[in-house]
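Next come the chains, spelled out residue by residue.
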Amino acid sequence: MGRLDDKVAIITGGASGIGAGTTRRFVEEGARVLISDLDAEKGEALAAEMGDAAAFLQTDVSQEEQVAAMVAEATDRWGRLDCLFNNAGFGGALGPIAKTTVDDFDLTMDVLLKSVFLGLKHASPVMSAQGSGSIISNASVAGLRAGYGAHLYSVAKCAVIHLTKSVALELGEHNVRVNAICPGFVATPLATGRPSASEEQIQQIRDAEATNQLLGRVGEPADVANMALFLASDESQWITGQEFVVDGGMAAGRPWSMWPEFARMERPIRHHRPPGR
Ligand SMILES: NC(=O)c1ccc[n+]([C@@H]2O[C@H](COP(=O)([O-])OP(=O)(O)OC[C@H]3O[C@@H](n4cnc5c(N)ncnc54)[C@H](O)[C@@H]3O)[C@@H](O)[C@H]2O)c1
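Residues numbered from 1 in each chain as written. Predicted model: local features only at pLDDT ≥ 70, side-chain atom pairs only at ≥ 80, totals over all residues. Heavy atoms only, no water.

Visitor: Mind laying out the side chain of Gln213, listing which residues take part and the relevant values?
Guide: Here Gln213 is to be found in the loop between α7 (199-209) and α8 (221-232). Among all residues touching Gln213, those that are not within four sequence positions of it are Phe185, Val218, Asp247 and Met250. (Helix = DSSP H or I, 4+ residues; strand = E, 2+ residues; numbered from the N terminus. Contact = heavy atoms within 4.5 Å.)

Visitor: Run through the site of the ligand, naming residues and quoting values.
Guide: Taken together, 26 residues form the shell around the ligand, and within it Ser16, Ile18, Asp37, Tyr153 and Thr188 come nearest. Contact between the ligand and Tyr153: an oxygen atom at 2.6 Å from a side-chain N or O atom of the residue. Mapped onto the shell around the ligand, the elements with two or more residues apiece are α1 (17-28), α5 (151-171) and α6 (189-192). Across the shell around the ligand, the residue classes tally to twelve nonpolar, ten polar and four charged. (Near = heavy atom within 4 Å. Polar contact = N/O pair within 3.5 Å; in protein donor to acceptor, adjacent residues only side chain to side chain. Nonpolar A, V, L, I, M, F, W, Y, C, P; charged D, E, K, R; others polar.)

Visitor: Go over the packing of helix α3 (residues 64-78) against helix α4 (residues 102-130), please, and point to the residues and values.
Guide: Interhelical geometry of α3 versus α4 gives an angle of 35° and a closest axis separation of 9 Å. For α3 against α4, the interelement crossing comes out right-handed. Seen from α3, the contacting residues are Glu64, Val67, Ala68, Val71 and Thr75; seen from α4, they are Leu118, Gly119, Lys121, His122, Ala123 and Val126. Classifying every residue of the contact of α3 with α4 by side-chain character gives six nonpolar, three polar and two charged. (Axes fitted to C-alpha atoms, helices over the stretch in contact; angles between N-to-C directions. Left-handed = near helix turned anticlockwise from the far one by under 90°.)

Visitor: An account of empty space enclosed by the protein is requested, with residue identities and associated values reported.
Guide: Following the criterion strictly, the structure yields two cavities of 30 Å³ or more and no others. Of the pockets and cavities examined, the largest cavity occupies roughly 70 Å³. Forming the walls of the largest cavity are 13 residues, and the residues nearest its centre are Thr12, Asn86, Ala88, Ser115 and Val116. A per-element tally of the lining of the largest cavity places α4 first, with four residues. Across the lining of the largest cavity, the residue classes tally to six nonpolar, six polar and one charged. As a volume, the second largest cavity reaches approximately 30 Å³. Residue lining of the second largest cavity: Ala93, Leu94, Gly95, Thr100, Ala150, His151 and Leu152, and that is the complete set. In terms of residue class, the lining of the second largest cavity is made up of four nonpolar, three polar and no charged. (1 Å grid on protein atoms, 1.4 Å probe; cavity = no way out; pocket = protein on both sides within 12 Å on 5 of 7 lines; lining within 4 Å. Points joined across faces, edges and corners; volume = space filled by probe spheres on them.)

Visitor: Give a description of the packing of aromatic side chains that names residues and reports values.
Guide: Considering all chains together, one arrives at zero aromatic pairs under this definition. Between Arg77 and the ring centre of Trp78, over which it is positioned, the NZ or CZ distance is 5.6 Å. (Phe/Tyr/Trp six-rings, centres within 6.5 Å; stacked < 30°, edge-to-face > 60°. Lys NZ or Arg CZ within 6 Å of the ring centre and 35° of its normal.)

Visitor: Outline the environment of His162, supporting the account with residue identities and numerical values.
Guide: Relative to the helices and strands, His162 is located in helix α5. Separated by 90 residues in sequence, His162 and Ala72 place their C-alpha atoms 27 Å apart.

Visitor: Outline the pattern of salt bridges, listing residues and values.
Guide: Tallying each qualifying case throughout the model produces 13 salt bridges. Here Asp234 makes a salt bridge to Lys7, at a shortest N to O gap of 3.0 Å. You can see Asp234 sitting in the loop between α8 and β7 (243-246) and its partner Lys7 sitting in the segment before β1 (8-12), a full 227 residues away along the chain. Asp234 sits in the partly exposed class, given a relative accessible area of 48%. Judged by relative accessible area, which is 15%, Lys7 ranks as buried. (Salt bridge = Lys/Arg side-chain N within 4 Å of Asp/Glu carboxyl O. Buried < 20%, exposed > 50% of the residue type's maximum accessible area, 1.4 Å probe, protein only.)

Visitor: Can you tell me about the nonpolar core, naming the residues and giving the values?
Guide: Counting 30 residues, the largest nonpolar core has Phe26, Val33, Ile35, Phe85, Ile136 and Ile181 as its most contacted members. Secondary structure elements with two or more residues in this core: β1, α1, β2 (32-37), α2 (40-50), β3 (54-58), β4 (83-86), α8 and β7. No other element matches the six residues that α8 contributes to this core. Leaving out residues up to four positions away in the same chain, Ile136 has contacts with Cys83, Leu84, Phe85, Asn86, Asn179, Ile181, Ala228, Leu231 and Ala232. Ala55, Leu120, Ala123 and Ala168 belong to the second-largest nonpolar core, a separate cluster that totals 28 residues. (Core = buried A, V, L, I, M, F, W, Y, C linked by side-chain atoms within 4.5 Å.)

Visitor: Break down a nonpolar patch on the surface for me, with residues and values.
Guide: Taken together, the side chains of Trp256, Phe262 and Met265 make up a nonpolar region of the molecular surface, amounting to roughly 380 Å² of accessible area. Judged by relative accessible area, Trp256 falls into the exposed class, the value being 55%. (Patch = residues over 30% accessible without salt bridge, like charges linked within 9 Å, V, L, I, M, F, W, Y side chains within 5 Å. Areas by Shrake-Rupley, 256 points an atom, 1.4 Å probe, with all protein chains shown as cover.)

Visitor: Account for the layout of surface pockets, naming residues and giving values.
Guide: Reported here for the second largest pocket is a volume of approximately 260 Å³. Ala15, Ser16, Gly17, Ala20 and Arg24 are, among the 18 residues lining the second largest pocket, the residues nearest its centre. Contributions of two or more residues to the lining of the second largest pocket are made by α1, α2 and α7. The greatest single-element share of the lining of the second largest pocket, amounting to four residues, is contributed by α2.

Any functional reading would require information that these geometric values do not contain.
This is the structure we're talking about:
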């Protein structure tokens, strides 16, 4: 028996990286998945690989009518909607604040934040009427701490976390759960800075970044997919309004190995007791 048997999910950005890993994991566990992505070539190839369990719809998640059509496609095809994973994204505007244009700002917010608002807006009526559903949005460690992403990427992801909590408070009475995931550094095209990165280029960032990671390796799409699976399944049926950090310990602080003074210290601990104690 699969953990998502009889469930229907939409995964935005489902053609690549974390979204593709989650599509594979959800199908393995019995779900039917609508892969929604701008990239038709990768999306159609993955849907073909998944057989009857998946379909592809080319979607720009920053456009309201396309997000509405995406929700309608899943419900028309399979009769229900149990999970929406708002996962599509990109790196957004880079560079100094003084050089960032208003167009850069608008595009970054459209793809990273408006898309999540639109997903919540259009999936929630279907799920509320059903009396069940799980909406998961992919935020980032960059939404929790400054300095883990570019300015506007960080602020959009921070807003995704807060929108998650706010909407969870509204939808709880309909048994619709709303949660966010905050990944750390995951080996995908986005992390290389090139949307069409080759497997070789992804391997280069795996190798380069491994030593900066507490657990000795970067994240893989499957690490995040496993959290999404838990949040989509009935195992998390009493969990809503939360952000789940999946980052190999990155947000906990500096790795021990980067703090050589600590590593050199030996017992006995030297300290001065106050007089009389
Ligand atoms: N890779 C990381 O280190 C990392 C860390 C934290 C958070 N994230 C988040 O995870 C999510 C997935 O990223 P990934 O690393 O798998 O990247 P990826 O580049 O492998 O996949 C992103 C997918 O989103 C699609 N997409 C982009 N804009 C779109 C739009 N307007 N409409 C529909 N689809 C669109 C792309 O075509 C692509 O298939 C993103 O939201 C990203 O911000 C990634």
